[in-house]
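What follows is each chain in one-letter form.
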Amino acid sequence: MEDETQQEQASPAVQKRVRDSFDRQGLMAHLGARLTHIGPGRIHVVLPARPEVAQQHGYVHAGATSAIADSAGGYAALTLFNEDCEVLSVEYKINLLTPAVGTHLEAIGTVLKSGRTLTVCQLEVYGVQGDGQRKLVANGQQTLIRVTRPAE
């Protein structure tokens, strides 16, 4: 049975703020990543597998895998912050469990603890086949810092 929090949607205002920020990320656009779920404390980022994100053996490159995991966690944290706050990664650790294969990868960032200054997220990346079969290819943990958005 699927966890109910996986289906819960963030408010329209939070979804807009997250999408607007994600759309300003040059790396995510360059990789071809997109947001597929924005929930309170939970974000899904999908990356199509294609030659431009592959390493020499044809697997999705660890750098691309890590980048979408980092973004998923960061935006998961952002969903819980006030609109005058931003988020920056302080550190993350990712374990590459198996070669990243599939029609696409799906990174899921989930907030484990949101604090006044630091937030900790769980990171999961799945390789997804065309038939929907999923395999965990990477997992990790991330620490983020909440920062006040500079005045415009």
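Up top you'll find the structure we're talking about.
Here is what the cut-offs are and how they apply
Residue numbers run consecutively from 1 along every chain, following the written order of its sequence. The predicted nature of this model means local features are confined to residues of pLDDT at least 70 and side-chain atom pairs, given and counted, to a pLDDT of 80 or more, with totals for whole chains, interfaces and linings taken over all residues. As a convention, hydrogens and water are excluded, and side-chain values are obtained from all of the structure's heavy atoms. Numbering of helices and strands runs from the N terminus; a helix is a DSSP stretch of H or I covering at least four residues, while a strand is a stretch of E covering at least two. We compute the radius of gyration over the C-alpha atoms and compare it with the globule rule, which gives 2.2 Å times the number of residues raised to the power 0.38. Think of it in three bands: residues with accessible area under 20% of the maximum for their type are buried, residues over 50% are exposed, and the middle band is partly exposed, with areas taken using a 1.4 Å probe on protein chains only. Note on definitions: a residue-residue contact is assigned when non-hydrogen atoms from the two residues lie within 4.5 Å. Under the convention used here, a 1.4 Å probe and the Shrake-Rupley method define accessible areas, while residue burial counts only the protein chains that appear. Residues scored as positive are Lys and Arg, those scored as negative are Asp and Glu, and His as well as the terminal groups of each chain are ignored. By convention, the charge on Lys lies at NZ, on Arg at CZ, on Asp at CG and on Glu at CD. Strand pairing is assigned whenever DSSP detects at least two bridges linking the two strands. Axis geometry follows a simple rule: fit a line to the C-alpha atoms, using only the stretch in contact for helices, then measure angles between N-to-C directions, giving values from 0 to 180 degrees. We count a salt bridge whenever a side-chain nitrogen from Lys or Arg sits within 4 Å of a carboxyl oxygen from Asp or Glu.

1. Re the overall build of the protein
Then, number 1: Within the protein one finds 3 helices and 6 strands.
Then, number 2: In summary, the protein has a C-alpha radius of gyration of 15 Å against a globular reference of 15 Å for 152 residues, a match within 12%.
Then, number 3: Considering only C-alpha atoms, the protein reaches an extent of 45 × 35 × 25 Å along its principal axes.
Then, number 4: Looking at the protein residue by residue over its 152 residues, the buried ones come to 43%.
Then, number 5: Long-range contacts, defined here as pairs at least 24 residues apart, represent 64% of the contacts in the protein between residues at least 6 apart.
Then, number 6: Split by element, the accessible area of the protein, about 8300 Å² in all, is 51% carbon and sulfur.
Then, number 7: Computed over 14 positive and 16 negative side-chain charges, the separation of the two mean positions in the protein equals 3 Å.

2. Quick look at the sheet that holds strand 5 (residues 118-128)
Then, number 1: The strand order across the open sheet built from 6 strands is 1-2-4-5-6-3, with neighbouring strands paired in antiparallel fashion. The open sheet has two free edges, formed respectively by strand 1 (34-39) and strand 3 (85-96), since each of these has just one partner strand. In this sheet, neighbouring strand axes are inclined to one another by 20 degrees on average, regardless of whether the strands run parallel or antiparallel.
Then, number 2: Examined bridge by bridge, strand 5 and strand 6 (residues 134-148) share 11 bridges and lie antiparallel to one another. When the sheet's bridge partners are listed, Val125 is paired in strand 6 with Ala138.
Then, number 3: Contacts from helix 1 (residues 12-23) reach strand 1, strand 2 (42-48) and strand 3 within the one sheet, and its direction differs from that of strand 1 by about 155 degrees.

3. Thoughts on the pattern of salt bridges
Then, number 1: Considering all chains together, one arrives at 3 salt bridges under this definition.
Then, number 2: As a salt-bridge pair, Arg50 and Glu52 come within 3.4 Å of each other at their nearest N and O atoms.
Then, number 3: You can call Glu52 exposed: its relative accessible area is 60%.
Then, number 4: Two residues, Glu106 and Arg134, come together in a salt bridge whose shortest N-O distance is 2.3 Å. Separated by 28 residues along the polypeptide, Glu106 in strand 4 (residues 104-114) and Arg134 in strand 6 bring together distant segments of the chain.
Then, number 5: Note on Glu106: relative accessible area 10%, which makes it buried.
Then, number 6: Taking the relative accessible area as the measure of exposure, Arg134 reaches 39% and is therefore partly exposed.

4. Section: the side chain of Thr79
Then, number 1: For Thr79, the position within the fold is in the loop between helix 3 (62-78) and strand 3.
Then, number 2: Using a relative accessible area of 8% as the deciding quantity, one classes Thr79 as buried.
Then, number 3: When residues no more than four places from it in sequence are discounted, the contact partners of Thr79 are Val14, Val18, Ile38, Gly39, Pro40, Gly41, Arg42 and Ile43.

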